[in-house]
Amino acid sequence: MTAEALHGPAEPYEPGPPRPGALLRAASDAVPPSGLVLLAILSVQVGAGFAKDLFAQLSPSAVVFLRIAVSAVILGAIARPRLRGLTRADLAAGAAFGLTLGVMNLSFYEALARLPMGIAVAIEFLGPLGVAVAASRRRLDLLWVALAGSGVVLLAPWGAATSRISWAGIAFALVAGACWAAYILLSASVGRRFPGATGLSLAMIVSCVVVAPVGISSGGVDLLRPEVLLIGLGVALLSSVIPYSIELEALRRMPKRVFGILMSLEPAVAALVGLVVLGEVLQAREWAAVGCVVVATLGATRSSG
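As a starting point, this report considers the structure included with it. (Residues numbered from 1 in each chain as written. Predicted model: local features only at pLDDT ≥ 70, side-chain atom pairs only at ≥ 80, totals over all residues. Heavy atoms only, no water.)

### Considerations on the overall build of the protein chain
For the protein chain, the count of helices and strands is 14 helices and 0 strands. Tracing the protein chain from N to C terminus, the helices and strands come up as α-α-α-α-α-α-α-α-α-α-α-α-α-α. Looking at the 305 residues of the protein chain, the share that counts as buried comes to 47%. For the protein chain, the computed accessible surface area is about 15600 Å², with 68% contributed by carbon and sulfur atoms. (Helix = DSSP H or I, 4+ residues; strand = E, 2+ residues; numbered from the N terminus. Buried < 20%, exposed > 50% of the residue type's maximum accessible area, 1.4 Å probe, protein only. Areas by Shrake-Rupley, 256 points an atom, 1.4 Å probe, with all protein chains shown as cover.)

### Examining the environment of Ile 261
When you line up the elements, Ile 261 lands in helix H12 (residues 256-263). For Ile 261, a relative accessible area of 18% gives the class buried. For the pair Ile 261 and Ala 300, spaced 39 residues apart in sequence, the C-alpha to C-alpha distance is 8.9 Å. Apart from residues lying up to four places away in sequence, Ile 261 is in contact with Leu 298, Thr 301 and Arg 302. (Contact = heavy atoms within 4.5 Å.)

### Re the side chain of Ser 201
Positionally, Ser 201 belongs in helix H10 (residues 198-219). Contacts of Ser 201, omitting those with residues within four sequence positions, involve Leu 75, Gly 76, Ala 79 and Pro 81.

### Quick notes on the packing of helix H5 (residues 88-112) against helix H9 (residues 167-193)
Running from N to C, H5 and H9 point in directions that differ by 155°, and their axes come no closer than 8 Å. When the axes of H5 and H9 are compared, the pair comes out roughly antiparallel. When you trace H5 past H9, the crossing you get is left-handed. (Axes fitted to C-alpha atoms, helices over the stretch in contact; angles between N-to-C directions. Parallel < 35°, antiparallel > 145°, perpendicular 65-115°, else oblique. Left-handed = near helix turned anticlockwise from the far one by under 90°.)

### Here's the deal with the nonpolar core
Val 37, Leu 58, Phe 108, Tyr 109 and Leu 115 are the most contacted members of the largest nonpolar core, which totals 71 residues. With near-sequence residues (within four places) excluded, Phe 108 lies in contact with Ala 48, Ala 120, Val 121, Glu 124 and Ala 176. Counting residues in each nonpolar core, the second largest holds 7 residues, with Ala 132, Trp 144, Ala 148 and Ala 300 among its members. (Core = buried A, V, L, I, M, F, W, Y, C linked by side-chain atoms within 4.5 Å.)

Limitation: the analysis is restricted to geometry and does not speak to function.
Written out as C-alpha cells, the structure reads:
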C-alpha cells in the first residue's frame, strides 16, 4: 500500500534545509575511518598549538582550566551525568578518572610550555606505549621499549648549558604519559559503569574542580576577557569535543588494533603542527627521537593485536 493511499494525496515537495545532525552523519560516512582518525589527531594537535600560543597571555594552568571548564559545560549539556543509582565504587571510578584527566592535562601543558610540541607529545606517548607493551608480553616488545628509550636519550639535554629542552619539561611530559596510561586503564572501567559519554562528562566536571584552584589563582580576571574566552572555546572544541566524537565514529567502523596503529602517528603530526602553527623547527636529532617513539609505538601496537 502506498503512502498516498494511507495519508491521502501528497503535498507538493518543497526541499528544506538539511538538519545539522544529518549533515554530520553524511560527512562522517563519506570519510573512511582511517581518515577520521587522522582528522581527530590533527584536531587535537591544532588545539594544543592554539593553547600553547595562548601561553603568552595566560599561564599553562590557567589555559588548562579554561579548556577543561568549557569542555565540561559542553559535554555536560550533551551527556548530563546522573548520580542516581550509582554505587560508591562507580563514583570512585568516575572521580579517579577525573583526577587523572586533570593531572594529565596540567602536566602536559606544563611540558608544552618548556618543550617543542612534537617532543612533548613524543615523550607523553611513552604512557600508552607502556600499556601496549604490558598487554602484549612478547620478547620483541623489549626492542620497542629500548627504541623508545633511545628516543628520550636523544632528547635529553646532556651537559648542555643552553638548551630549549629542559629536564623539568621532560619530567612533566613523563608524568603526563603516566597519567595517560592510567587514563587508558580507567576508561575501560568507567565505560562499563557509565552509559554512553556520561562517565567522561562526570570525569570532566571532577577534573574542572581539581584544576580550578591553581587555574583561577594564576589566571585571575584575564580568564574573563572575551578574546581569551573565544580562544578557550576553540581549544576545548578542537582538543576534546570534536576529536572525541570523531574517534567514537572511527572506532565504530574499524578494529581497535588498526585504530591504535594509526594513533602512533600522533607525535609526528604534533611535530608538523608545531612547525606550521608555532614555527617550531626541530633539529635532525629531535626528528630522529620522535621517529624512534613513533616506530616503537607502531611496533608495540601491532604486536599487541
